[in-house]
Amino acid sequence: MEINKNFTENAKNDFHLVVKAREGNQKAYADLMQRYKDSIYFMVLKMVNNKEDAMDLTVETFAKAFEKLDKYQPEFAFSTWLFRVATNNCIDFIRKKKLNTQSIHGMMDDDGDEKPLQIKADTLNPEESSIKKQQTAELKLLIESLPPRYRNLITLRYFDELSYEEISQQLDLPLGTVKAQLFRGRYLLGNIINRYKKDGI
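Let me sum up the structure you'll find in this document.

Conventions we followed
Residue indices begin from 1 for each chain and proceed along its sequence in written order. Per-residue local features of the predicted model are confined to residues with pLDDT of at least 70, and side-chain atom pairs are confined, for both listing and counting, to 80 or more; whole-chain, interface and lining totals are unaffected and use all residues. Heavy atoms from the whole structure form the basis of all side-chain values; hydrogens and water molecules are not counted. A run of DSSP states H or I qualifies as a helix once it reaches four residues; a run of E qualifies as a strand once it reaches two. Both are numbered from the N-terminal end. Relative accessibility under 20% of the residue-type maximum defines a buried residue, over 50% an exposed one, and the middle range a partly exposed one, all with a 1.4 Å probe and only protein chains included. Contacts are residue-level and defined by heavy atoms, with any inter-residue pair within 4.5 Å sufficient. For every accessible area listed, the method is Shrake-Rupley and the probe measures 1.4 Å; residues are considered covered only by the protein chains on display. Here, nonpolar core means buried Ala, Val, Leu, Ile, Met, Phe, Trp, Tyr and Cys residues that are tied together by side-chain atoms lying within 4.5 Å of each other. For each domain, the first and last residues come from an automatic or database assignment. Whenever Lys or Arg places a side-chain nitrogen within 4 Å of a carboxyl oxygen from Asp or Glu, that contact is recorded as a salt bridge. The criterion for an aromatic pair is that two Phe, Tyr or Trp rings (for Trp, the six-membered ring) have centres within 6.5 Å, with stacked assigned to planes under 30 degrees apart, edge-to-face to planes over 60 apart and tilted to the rest. Charges are assigned to positions over rings by a cutoff of 6 Å between ring centre and Lys NZ or Arg CZ, combined with an angular limit of 35 degrees from the ring normal. Take the residue count of a helix, subtract one, and multiply by 1.5 Å to get its expected span.

Below, the discussion takes up the overall build of the chain. Within the chain one finds eight helices and zero strands. Listing each helix as α and each strand as β along the chain from the N terminus yields α-α-α-α-α-α-α-α. Counting only residues that meet the buried cut, the chain has 33% of its 201 residues in that class. By sequence separation, contacts in the chain at least 24 residues apart represent 58% of the contacts at least 6 residues apart. Accessible surface, the chain as shown: approximately 13300 Å² in total, 52% of it carbon and sulfur.

If you want it as structure tokens, here you go:
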């Protein structure tokens, strides 16, 4: 990969971190995330206007960006590419949210004619149910490898389905601390899952 000669010093530093991250250097991943997580979060927040969604989408943005890191071309600064990933992720999220809240009677086909709504059954067939159980068991195993405070928070949020406020009350922690630690916990879990997939375990 050849670096763009017009890059600023910051863009050059990012490029070197990307090269290291592609080689599996975890610190390079962490440095890139540390550098951009706040600016990505505030950009996303402007688009979705909800702090919890913005935090989830920020984590998703980094997960997607790190997954597609081999597709990054250094003709553009890494920050430009990362913000594009974040923007596309938000647009997808907003589109899905609109679809989910759209009136049942307002569903139209491509010709503008009303079409019957097909509602997918909530019940899984036995094979799907078995796969889901297996995936949940695998995820729980991965969560076990996290430090205890992150493990506890992720379990409360995603398995017990508690809100940030409920977790804050239950653990007697400030709301900001709960959000920050969940953010870090999900990032660590994302790294573990990516390694798990890469190693084909």
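Quick look at the nonpolar core now. Residues V44 and F78 are the most contacted members of the largest nonpolar core, which totals 47 residues. When contributions to this core are tallied by element, the ones reaching two or more residues are α1 (9–22), α2 (26–48), α3 (51–67), α4 (78–101), α5 (126–144), α6 (148–159), α7 (164–171) and α8 (175–199). Residue-level mapping places this core at the junction of two domains, with at least three residues from each of domain 1 (9–102) and domain 2 (126–199). Setting aside its immediate chain neighbours within four residues, F78 contacts D14, V18, L32, Y36, L69 and Y72.

To continue, consider the pattern of salt bridges. Inspection of every chain in the model, using the stated rule, returns six salt bridges. Ionic pairing is found between D38 and K37, a salt bridge with its closest N-O pair at 3.6 Å. R95 serves as the salt-bridge partner of D92, at 3.4 Å between the closest nitrogen and oxygen. Taken as a pair, D92 and R95 lie in helix α4 at a separation of three residues, close to a single helical turn. Overall, D92 belongs to the partly exposed group, its relative accessible area being 33%.

This next bit is on the packing of aromatic side chains. According to the stated counting rule, one finds seven aromatic pairs in the structure shown. A ring pair is formed by Y41 and F42, whose centres lie 5.2 Å apart and whose planes are at 70°; its orientation type is edge-to-face. Ring centres 5.8 Å apart and planes at 40° place the aromatic pair F78 and W81 in the tilted group. Within this pair, F78 and its partner W81 are both found in helix α4, separated by three residues, close to a single helical turn. Both residues of the pair, F78 and W81, count as buried. Each residue in the set Y36, Y72, F78 and W81 is aromatic and connected to the rest through ring pairs, giving one cluster. The ring of F76 carries the charged tip of R84 above its face, separated from the ring centre by 5.2 Å. Above the plane of the ring of Y164 lies R157, whose end atom (NZ or CZ) is 4.2 Å from the centre.

Every α-helix carries 3.6 residues per turn, so stepping three or four residues along brings you back to the same face. When the terminal C-alpha atoms of α1 are compared, their 20 Å separation across 14 residues agrees well with the 20 Å that a helix rising 1.5 Å per residue should span. Positive backbone phi, approximately 95°, marks G24, located one or two places after α1.

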